[in-house]
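# Notes for the structure review
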Amino acid sequence: MAVRQVAVLGATGSIGTSTLDVIARHPERFRASVLVANQSTEALATLCERFRPDLAIVADASMEGDLVRRLAAAGVRCEVASGADAVTAAAAGPLCDTVVAAIVGAAGLDSTLAAARTGKRLLLANKESIVMAGELLLAALREGGGDLIPVDSEHNAIFQCLPPGRPVAGRGGVRRLVLTASGGPFRGRGRADLGTVTPAQACAHPKWSMGRKISVDSATLMNKGLEVIEAHHLFQAPPETIDVVVHPQSLVHSLVDYVDGSMLAQLGHPDMRTAIACALAWPERIEAGVPPLDLAAHGRLDFEAPDTDTFRCLALAFDALRAGGDATAILNAANEVAVEAFLAGTLPFLGIAELVERVLEELPAKPVVDVQTLAARDAEARRAARDVLRRAYC
Ligand code: NAD
Ligand code: MG
């Protein structure tokens, strides 16, 4: 069996760290051949010392010298590069056959597309890229002829519950896809209760340990909105065939509803190593370091409808999906600006949905033509979001 050469884009993050944990358990199957981080050279150098990749890349070019010094001090001899173009080139290049797309935000788009276009096995965690450019990503995958295996736990669950052979909703007897949502740290609270919540409270997720951006997205339910859009593209599911149910225990990761009344679910601990191991080894199964799930010890599984009046972001994401064109890219860009402002303390929690809604109103959807026009629209949406922010909140 050939050893898979894996590029871990976003190696120092939450998904990156979990990926490297799984890789380290199976040296006979996988090797981390390329490691990428944004600015955290100290963490990246430590990973290089342990995993000995062929190439280490720091996206922030001003940090390259620092990375070179740290690697030399640690006695690590590997190629070093920097800048966004180097990340994209590595995703498409000869040093890897598998790419874990685990950069956070729109910054992950180009490398995700490059991996798809060159037919690598693409393990997609970076949901923002498919939300922005779903059609373009699917076209790139067709062009490259490689696999996309979802790493997002809900989509990985659905992937496992669908019949084999790339089935889609509406065919193969599939009636509905049901995404589960934990509800985040503010589940059960009303708007009156959310005016003054802090970034620290929003990032204290009850079940999952994740990066700060996705943690805030989970608190607003925008994460579930982005995942509805992601499911639409990955499984070619019309919006009306995608449902969301809140499941606070986060043990059922999502379900597929079939026309005969069967619902298939995938269960497991809320530990991303399960989805990552599944995606790395598919169609085989490998040990992921995750203990078996003791259902009797957990006792109960609860389900409830999401409160979209309080958590408006979920409804906004459905609206953007139905609007079509580049509306989901506008939604994503506005949300990234809003989350950044919330984390910086310049936008209140409830302002995130308000800001996204305003930007969607100001910029009606246009057809998606190519990556360049999409990048221009992403920039336009960010400008519009910053304007709203200045006018309304500063
Ligand atoms: P994180 O903030 O913990 O890590 C982000 C990683 O991306 C870091 O290694 C950082 O250095 C790198 N990075 C940031 N900007 C970059 C840039 N411009 N160029 C290159 N590298 C850059 O984030 P995370 O929680 O690991 O999430 C990563 C992605 O996976 C997000 O899209 C998120 O929505 C998705 N995801 C995460 C989880 C989870 O459990 N954490 C679950 C499902 C999906
Ligand atoms: Mg998820």
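Taking an unreviewed UniProt entry as the reference, the protein chain is identified by name as 1-deoxy-D-xylulose 5-phosphate reductoisomerase belonging to Luteibacter sahnii. UniProt, in its Sequence similarities (unreviewed entry) section for the protein chain, records the words "Belongs to the DXR family." As its UniProt record puts it under Catalytic activity (unreviewed entry), the protein chain is described as follows: "2-C-methyl-D-erythritol 4-phosphate + NADP(+) = 1-deoxy-D-xylulose 5-phosphate + NADPH + H(+)".

Now for the coordination of the magnesium ion (ligand 2). Angles between donor atoms at a metal ideally measure 109.5 degrees for a four-coordinate tetrahedral arrangement and either 90 or 180 degrees for a six-coordinate octahedral one. Protein coordination at the magnesium ion (ligand 2) comes from Asp152 (OD), Glu154 (OE) and Glu227 (OE), with a distance range of 2.1 to 2.2 Å. All donor residues of the magnesium ion (ligand 2) come from one chain, and their arrangement in sequence is D-x1-E-x72-E. In this pair, Glu154 sits in helix 7 (residues 153-161) while Glu227 sits in helix 10 (residues 222-234), placing the two residues 73 residues apart along the sequence. One exposure class covers both Glu154 and Glu227, and it is buried.

Before going further, it helps to spend a moment on the sheet that holds strand 3 (residues 55-58). Ordered in space as 4-3-2-1-5-6-7, the seven strands form an open sheet in which the pairing is parallel. If you trace the sheet from one side to the other, it starts and ends with strand 4 (79-82) and strand 7 (148-150), each paired once. Strand-to-strand twist in this sheet, taken as the mean axis angle between neighbours without regard to direction, amounts to 20°. Looking at chain direction, strand 1 (residues 4-9) and strand 5 (residues 98-101) are connected through four bridges and run parallel. Among the inter-strand pairings, Val8 is bridged to a residue of strand 5, identified as Val100. Contacts from helix 3 (residues 64-73) reach strand 3 and strand 4 within the one sheet, and its direction differs from that of strand 4 by about 160°.

Here helix 10 is 13 residues long and its end C-alpha atoms lie 18 Å apart, about the 18 Å a rise of 1.5 Å per residue gives. Taken across its 13 residues, helix 10 has 13 buried, putting it largely inside the fold. At the C-terminal side of helix 10, Gln236 shows a positive phi close to 45°.

Let us look at the side chain of His26. Among the structural elements, His26 can be located in the loop between helix 1 (14-25) and strand 2 (30-37). Ignoring anything within four residues of it in the chain, the contact list for His26 reads Ile286 and Glu287.

Below, the discussion takes up the pattern of salt bridges. Per the counting criterion, the structure on display carries 28 salt bridges. Across the pair Asp257 and Arg176 runs a salt bridge whose closest N-O atoms are separated by 3.0 Å. Here Asp257 is found in strand 10 (residues 252-258), whereas its partner Arg176 is found in strand 8 (residues 174-181), with 81 residues between them in sequence. With a shortest N-O distance of 3.6 Å, Arg322 and Asp319 are connected by a salt bridge.

In the region of ligand 1, 22 residues are neighbours, and Thr12, Ser14, Asn38, Glu128 and Gly211 sit closest. Glu128 is positioned such that a nitrogen or oxygen atom in its side chain is 2.7 Å from an oxygen atom of ligand 1. Breaking the shell around ligand 1 down by element, the ones donating at least two residues are helix 1 and helix 6 (127-144). Grouping the amino acids of the shell around ligand 1 by side-chain chemistry returns 12 nonpolar, seven polar and three charged. Two domains each provide a minimum of three residues to the shell around ligand 1, namely domain 1 (4-149) and domain 2 (157-298).

Conventions and cut-offs
- Residues numbered from 1 in each chain as written.
- Chains lettered and ligands numbered in written order.
- Predicted model: local features only at pLDDT ≥ 70, side-chain atom pairs only at ≥ 80, totals over all residues.
- Heavy atoms only, no water.
- UniProt positions renumbered as here; feature names shortened; annotations may be inferred.
- Donors = N, O, S within 2.8 Å, 3.2 Å for Na, K, Ca; no water.
- Helix = DSSP H or I, 4+ residues; strand = E, 2+ residues; numbered from the N terminus.
- Buried < 20%, exposed > 50% of the residue type's maximum accessible area, 1.4 Å probe, protein only.
- Pairing = 2+ DSSP bridges.
- Axes fitted to C-alpha atoms, helices over the stretch in contact; angles between N-to-C directions.
- Contact = heavy atoms within 4.5 Å.
- Expected span 1.5 Å × (residues − 1).
- Salt bridge = Lys/Arg side-chain N within 4 Å of Asp/Glu carboxyl O.
- Near = heavy atom within 4 Å.
- Polar contact = N/O pair within 3.5 Å; in protein donor to acceptor, adjacent residues only side chain to side chain.
- Nonpolar A, V, L, I, M, F, W, Y, C, P; charged D, E, K, R; others polar.
- Domains from an automatic or database assignment.

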